[in-house]
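Now for the letters of each chain:
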Amino acid sequence: MSKDKFTTLKTTAVPLPAENIDTDQIIPARFLKATTREGFGNNLFRDWRYDSNNQPIKDFALNNAAYSGKILVAGKNFGCGSSREHAAWSIYDYGFRVVVSSFFADIFKNNALNNAVLPVVVSDEFLKGLLEAIQKNPTTEVTVDLPNQTISYGNQNQKFEINAYKKECLINGYDDIDYLLSLNKEIREFDVAHS
């Protein structure tokens with residue numbers, strides 16, 4: 001299933017400075033019963049967003065009306081723990097298109113890229129400055145430019161790395177099957193030339 005094309009995103013962001021956020025905190029295991037990708041956003045960070053009486057916890061960032069946007073800025077080592085793809089599904093379904101951290105667990109990073117969520121790895125210093133800027137001024141806009149592989153806010157900017165194949169897929173809104181289909185002409189020409 002292809003997703004929306006991703007080129008440049010300019011938006012406010014939600015700060016979540018906690019480190020070592022694992023996939024069970026992102027989407028608790030008790031919500032993994034569905035087989036489609038829809039509806040997981042309702043339970044994103046469920047145990048941090050709601051108390052035992054199902055009431056919103058006011059000081060949690062996703063419940064704070066001051067914070068909004070399509071970028072989640074998280075502490076170091078985001079997405080560690082189990083390999084559940086549902087974590088990426090819940091982030092996408094909630095409305096985030098980018099997660100920024102100074103380190104991602106490899107499996108989460110790949111799951112995110114496969115589900116149209118861009119994980120942007122920045123330096124610890126850049127992350128600290130970005131979190132401070134958002135917490136000081138929730139209207140701080142962050143720009144993620146995928147073609148040029150840059151992230152910026154205010155007068156700060158930094159390059160980030162991404163696999164060239166995954167970059168092409170995000171820019172074109174491709175999943176792996178869409179990418180192969182996009183090469184149909186080249187595949188046919190190769191087949192004819194080598195028959």
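Treat the numbers as computed from the prediction; the structure is a model and nothing was measured.

(A) Local environment of the overall build of the chain. A count of helical and extended segments in the chain gives 8 helices and 8 strands. For 195 residues, the compact-globule estimate of 2.2 N^0.38 gives 16 Å, and the chain sits close to it at 18 Å. C-alpha extents for the chain along the principal axes are approximately 65 × 45 × 25 Å. Residue burial in the chain is summarised as follows: out of 195 residues, 45% are buried.

(B) Summary view of the sheet that holds strand 5 (residues 118–121). Sheet architecture is open: 4 strands sit in the order 2-3-4-5, paired in parallel fashion. Where the open sheet ends on each side, the last strands, each with one partner, are strand 2 (13–16) and strand 5. The sheet shows a mean angle of 20° between the axes of neighbouring strands, taken without regard to direction. Of the strand pairs in this sheet, strand 2 and strand 3 (residues 71–74) are connected by 4 bridges, and their pairing is parallel. Following the sheet pairing, Ala13 is matched in strand 3 by Ile71.

(C) How the structure looks around the sheet that holds strand 8 (residues 156–159). If you trace the 4 strands from one edge of the open sheet to the other, you get 1-6-7-8, paired in antiparallel fashion. At either margin of the open sheet sits one strand with a lone partner, and together these are strand 1 (8–11) and strand 8. Neighbour to neighbour, the strand axes of the sheet diverge by 10° on average, direction disregarded. Alignment of strand 6 (residues 142–145) against strand 7 (residues 150–153), held across 4 bridges, turns out to be antiparallel.

(D) Expanded view of the pairing of strand 1. Burial along strand 1 is one-sided: Leu9 and Thr11 are buried, and none of Thr8 and Lys10, which face the opposite way, are. Of the pairings in the sheet, the one linking strand 1 to strand 6 comprises 4 bridges and is antiparallel in character. Within the sheet, the bridge partner assigned to Thr8 lies in strand 6 and is Asp145.

Parameters and conventions
Residues numbered from 1 in each chain as written. Predicted model: local features only at pLDDT ≥ 70, side-chain atom pairs only at ≥ 80, totals over all residues. Heavy atoms only, no water. Helix = DSSP H or I, 4+ residues; strand = E, 2+ residues; numbered from the N terminus. Rg over C-alpha atoms; globule rule 2.2 N^0.38 Å. Buried < 20%, exposed > 50% of the residue type's maximum accessible area, 1.4 Å probe, protein only. Pairing = 2+ DSSP bridges. Axes fitted to C-alpha atoms, helices over the stretch in contact; angles between N-to-C directions.

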